[in-house]
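Architecture at a glance
Now for the letters of each chain:
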Amino acid sequence: PWYRSTRPTTWHLDIDHFINPLIPASVLPHFPTPIAYFLGYRSPASKRARTPALGNLAIILFAFVGVFVTITIIGAVGEHYEGFRGRGVPVVVGSFGAAAVLDFYAIESPLSQPRNAIGGQLLSCIVGISIAKLFALSPHFESIRWLGASLACASATAVMALTGTVHPPAGATALMAVLDHEVQALGWFLIAPVMLGCAIMLVCALWVNNLRRRFPIYWWSPEPTGEFWMGRREKEEEEDEGTGMEKGASGGKESEETRTGSSSELRLGRGRGARSDETLRDVEDIEAQSGGTVSESGEEEEEEDDDGDERGPRVVISRRGVEIPEGLGLRPEEVTFLETIRERLVPIKGSKRD
């Protein structure tokens, strides 16, 4: 019935469902290994490697260095660049403090990934500046500035949520674009220092976080991308192959069944060839994350323990280290707790396993 569409449980919009097929697939696997590493890419072999987790003190140290260096660089640019000083640009935009905490401490959070960190700030700037200019048309702007700031923050939140670019510090950017007199006076020029600061912070985060950890977890989305272009490329290859077959064919007549069978076989072969490398990588990723094996049909086959229970994703603690499945986000305190358990493990007499 029509009234079911008015239920809040049916209100859902996933913009990635429409955008991801149009976003080209990642090219990081084709980059030289050192460059790809500092851009956050990890090969399936490196994902399976047992790397001991960092203690919380080491994570805090990396975060301290990253935040200090980043804010220092942004402040130096704002202080000494005449193009900013002449326009009254703040030395450091206030929202960068919260952004730095996310980019250097909570690096596994989706809120810290480049799409959110850059896209959220850009969209919030646009929303905040637009509402500031709209409210500035009123002769009572100063008395209702607070109302415009509330609307800017709320609208920026809605836009970020709809576009999958939620970044909490960006809400402060939209708020300041209306509420702060100096920032509001910049108008559309505010986008320049905000985007420059985001770029500096991203470069510093890539350098500091990839020394011992991984950042970003993804650049655009954890879901597959580029399906539209992949299907289009396969279709063009099929058409080229069909044209070549027609030119090379002799004058004899072929039955409709033979032509149909050949076309289907070619289509299946081209699809398998185009996806072979990607499929192998996906299989290795699944095995690395779940501890199971994958059959040739692409279905995951779970391994079984000695007692017959199915083996799914798990955290493994041994005297050699702590293995955390890919995609499982743990707080530094939780990682430290696991490391504490590992250190207390005592080798069992007569046992060959840790």
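Data block above holds the structure.
Presented here is an overview of the structure given in this document. (Residues numbered from 1 in each chain as written. Predicted model: local features only at pLDDT ≥ 70, side-chain atom pairs only at ≥ 80, totals over all residues. Heavy atoms only, no water.)

1. A closer look at unusual backbone geometry
Across residues other than glycine, the phi torsion is negative in most instances, and most of the peptide bonds are trans. What counts is decided by this rule: Secondary structure counts use DSSP, requiring at least four H or I residues in a row for a helix and at least two E residues in a row for a strand, with both numbered from the N terminus.
The omega angle of the peptide bond from Phe215 to Pro216 is -5°, so this bond is cis rather than trans. Take Pro216: it is sitting in the loop between α11 (191–209) and α12 (227–248).

2. Concerning the environment of Ile74
Defined as follows: To sort residues, take the accessible area from a 1.4 Å probe on protein chains only and compare it with the maximum for the residue type: under 20% means buried, over 50% means exposed, and anything in between is partly exposed. Contacts were defined at the residue level, with two residues in contact if any of their heavy atoms lie within 4.5 Å.
For Ile74, the position within the fold is in helix α4 (residues 56–80). Under the relative-accessibility criterion, Ile74 is labelled buried at 7%. Residue contacts for Ile74: discarding those within four places in its chain leaves Val91, Val92, Phe96, Gly197, Ile200 and Met201.

3. Focus on a negative patch on the surface
Just so we agree on the cut-off: Candidate patch residues must exceed 30% relative accessible area and have no salt bridge, after which like charges are joined if within 9 Å and Val, Leu, Ile, Met, Phe, Trp or Tyr side chains if within 5 Å. Shrake-Rupley sampling with a 1.4 Å probe provides the accessible areas, and residues are treated as covered by the protein chains on show and by no other component. Here, a salt bridge means any side-chain nitrogen of Lys or Arg that lies within 4 Å of a carboxyl oxygen of Asp or Glu. We treat Lys and Arg as the positive residues and Asp and Glu as the negative residues; His and chain ends play no part in the count. Where a charge lies is defined by one atom per residue type, namely NZ (Lys), CZ (Arg), CG (Asp) and CD (Glu).
Together, Glu236, Glu239, Asp240 and Glu241 make up a negatively charged patch on the protein surface. Topologically, Glu239 is positioned in helix α12. Its relative accessible area of 48% is what places Glu239 among the partly exposed residues.

4. Some points on helix α8 (residues 141–163)
Short version of the rule: The angle separating two fitted axes, one through the seven residues that finish at a residue and one through the seven that start at it, defines the bend at that residue.
Within α8, the axis deviates most sharply at Leu147, by approximately 30°. All of the buried residues along α8 are Phe141, Arg145, Gly148, Ala149, Ala152, Ala156 and Met160. On its buried face, α8 sits against α7 (114–136), α9 (168–179) and α10 (181–186). One or two steps after α8, the chain reaches Gly164, where phi turns positive at roughly 70°.

5. A word on a nonpolar patch on the surface
Residues Tyr37, Phe38, Trp207 and Leu211 make up a contiguous nonpolar surface patch of about 380 Å² in total accessible area. Structurally, the position occupied by Phe38 is in helix α2 (residues 33–38).

6. Remarks on the packing of aromatic side chains
What counts is decided by this rule: Two aromatic rings, drawn from Phe, Tyr or Trp (for Trp, its six-membered ring), form a pair once their centres lie within 6.5 Å of each other, and the interplanar angle then sorts them: stacked below 30 degrees, edge-to-face above 60, tilted otherwise.
What the rule picks out here adds up to five aromatic pairs. For the ring pair Phe64 and Phe68, a centre distance of 6.4 Å and an interplane angle of 5° mean the geometry is stacked. Taken together, the positions of Phe64 and Phe68, both in helix α4 and four residues apart, correspond to about one turn of that helix. In this pair, the class of Phe64 matches that of Phe68, namely exposed. Judged by centre distance (4.9 Å) and plane angle (80°), the rings of Phe228 and Trp229 are edge-to-face.

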